[in-house]
Amino acid sequence: MEVMQVLCMKGGNGDTSYAKNSLLQKKVISLTKAIIEETVTNLCCNNFPTSLCMADLGCSSGPNTFFAVLEVVSTVDKVGKKMGHRLPEIQVFLNDLPGNDFNTIFKSLPKFQKDLQKTTGAGAESCFITGVPGSFYTRLFPRKSLHFVHSSYGLQWLSQVPPGLESNKGNIYMASSSPPSVLKAYYEQFQSDFSMFLRCRSEELVERGSMVLTFLGRRSDDPSSKECCYIWELLAVALNDMVAEGRIEEGKMDSFNIPQYTPSQGEVKCEIEKEGSFTVNGVEVSEVNWNAYEGELCPSDAHKDGGHNVAMLMRAVAEPLLVNHFGDGIIEEVFSRYKSIVADRMSKETTEFINVTVSMTKRG
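Residues numbered from 1 in each chain as written. Predicted model: local features only at pLDDT ≥ 70, side-chain atom pairs only at ≥ 80, totals over all residues. Heavy atoms only, no water.

A.B. asks: Whenever I open this one, the layout of surface pockets confuses me. Can you help?
C.D. replies: Over the atoms, a rolled probe matching the size of one water molecule traces out where space is still vacant. In this structure, the second largest pocket occupies an estimated 340 Å³ of space. If you trace the second largest pocket, you find 16 residues lining it, with Gly62, Pro63, Asn64, Ser108 and Lys111 closest to the centre. Those elements giving two or more residues to the lining of the second largest pocket turn out to be helix H4 (64-83), helix H5 (102-107) and helix H6 (109-120). Looking at side-chain class alone, the lining of the second largest pocket contains six nonpolar, five polar and five charged residues. (1 Å grid on protein atoms, 1.4 Å probe; cavity = no way out; pocket = protein on both sides within 12 Å on 5 of 7 lines; lining within 4 Å. Points joined across faces, edges and corners; volume = space filled by probe spheres on them. Helix = DSSP H or I, 4+ residues; strand = E, 2+ residues; numbered from the N terminus. Nonpolar A, V, L, I, M, F, W, Y, C, P; charged D, E, K, R; others polar.)

And the structure:
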């Protein structure tokens, strides 16, 4: 699997699109609001910029893209007003892999501009938006051109499926039944990728430039713990049931693995310290229920079903990967089964995603 060619959230604005099924990711960004505000405030208070350049890496598509950007711009505006400055011109780079639905992003630009006007009083001429397709595990921007980098739920995705997973039969990710060699392969791929990410950003950020990065992660030291792997294990149950029924070839199942690693806060800090270009300002760990509509006003009767909500969330994330490997003929059946499996488990136990958020500043 060529991850750069295949990995993307499901585009468009249809019922199964990422744009319509990413409330959970929006909640995660909301949980990091305080650390984003503190980081941007410190960045601007030290030397308020006459122009500011930021990048949102792994921006995906849909309403969340501009939700994070507006939070950063609003903070810059608040700090500036306290210091007697006008909002500086802000260049925003929205980055994701080439398969991302950039068209949907740009169609929502007029709404962002209205929100910007309402929040800061600034017109469209104050904020310039550019799409940047490419892998954030490579250089994307000129040297010392960025002041701030944000990424949410992007960096758990790896640049490739780790090599050496042939023994991970019956699984599609790290699992309780995965041999130690599989866990080691995933961790080493994360180390290689994240260190490359840090080296690239250290070249692109100005001195004292900052980053706030949020990973889908874990609290446990065990990389195969349920808190980070269970969501994929349940999808593997649905796929294995279809293998047993002859609906999916066993060889196809055994050769499919998710290119993701959910790190602990210790693993994230370790790689930052090892790379050496950044000072860690703070690390926060938070959690969010699998069912994004838990305690929320449901937009339809279907959204009152937690299994439905989680299945739609995961379909918006995983469908492009599954279609590339298995074809589109199995998708409806897989997620129908997955919905039932997830609903059963959610009725019996607490199910949460763990988030690891780190704020860091480039050393001078």
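Having put the structure on the table, let's press on.
A.B. asks: What is the right way to look at the environment of Cys229 in this model?
C.D. replies: Tracing the chain through its elements places Cys229 in helix H8 (residues 226-244). Between the C-alpha atom of Cys229 and that of Phe353, which follows or precedes it by 124 residues, the distance is 9.8 Å. Excluding residues that lie within four positions of it along the chain, Cys229 makes contacts with Tyr173, Met174, Pro223 and Ser224. (Contact = heavy atoms within 4.5 Å.)

A.B. asks: For this particular structure, what's the right way to read the state of the cysteines?
C.D. replies: Disulfide: a covalent bond formed between the sulfur atoms of two cysteine residues. With the rule as written, the count across this model stands at zero disulfides. Of the cysteine sulfurs around Cys45, a residue in no disulfide, the closest is that of Cys44, at 7.2 Å. For Cys45, a relative accessible area of 43% translates into the label partly exposed. Of all cysteine sulfurs, the one in Cys53 lies closest to Cys127, which takes part in no disulfide; the gap is 11 Å. Residue classification places Cys127 among the buried positions, given a relative accessible area of 7%. (Disulfide = S-S within 2.5 Å. Buried < 20%, exposed > 50% of the residue type's maximum accessible area, 1.4 Å probe, protein only.)

A.B. asks: Looking at this model, I keep getting lost on the nonpolar core. Mind explaining?
C.D. replies: One broad rule of soluble globular proteins: the nonpolar side chains tend to lie buried together. By size, the foremost hydrophobic cluster in this structure holds 78 residues, and its most contacted members are Phe194, Phe197, Trp232 and Leu239. Counting residues per element, this core draws most heavily on H8, at twelve residues. With residues near it in sequence (within four places) discarded, Phe197 still touches Leu57, Phe136, Tyr137, Leu155, Met211 and Leu213. Among the nonpolar cores identified, the runner-up in size contains 30 residues, and Leu52, Met54, Phe102 and Phe112 belong to it. (Core = buried A, V, L, I, M, F, W, Y, C linked by side-chain atoms within 4.5 Å.)

A.B. asks: Help me understand the sheet that holds strand E3 (residues 127-133), please; the structure alone is not making it clear to me.
C.D. replies: What links the strands of a sheet is backbone hydrogen bonding, and the strands pair in either a parallel or an antiparallel sense. Spatially, seven strands are ordered E3-E2-E1-E4-E5-E7-E6 in an open sheet, and the strand pairing comes out mixed. Two strands in the sheet have a free side with no partner beyond their single neighbour: E3 and strand E6 (278-289). Averaged over all neighbouring strand pairs, the angle between strand axes comes to 15 degrees, with direction disregarded. One ladder, built from eight bridges, connects strand E5 (residues 205-217) with strand E7 (residues 352-362); its direction is antiparallel. Looking at E7, one finds that Leu216 is bridged to Asn355. Where helix H2 (residues 23-31) meets the sheet, it contacts strand E4 (146-152), E5, E6 and E7, and its direction lies at approximately 135 degrees from that of E6. (Pairing = 2+ DSSP bridges. Axes fitted to C-alpha atoms, helices over the stretch in contact; angles between N-to-C directions.)

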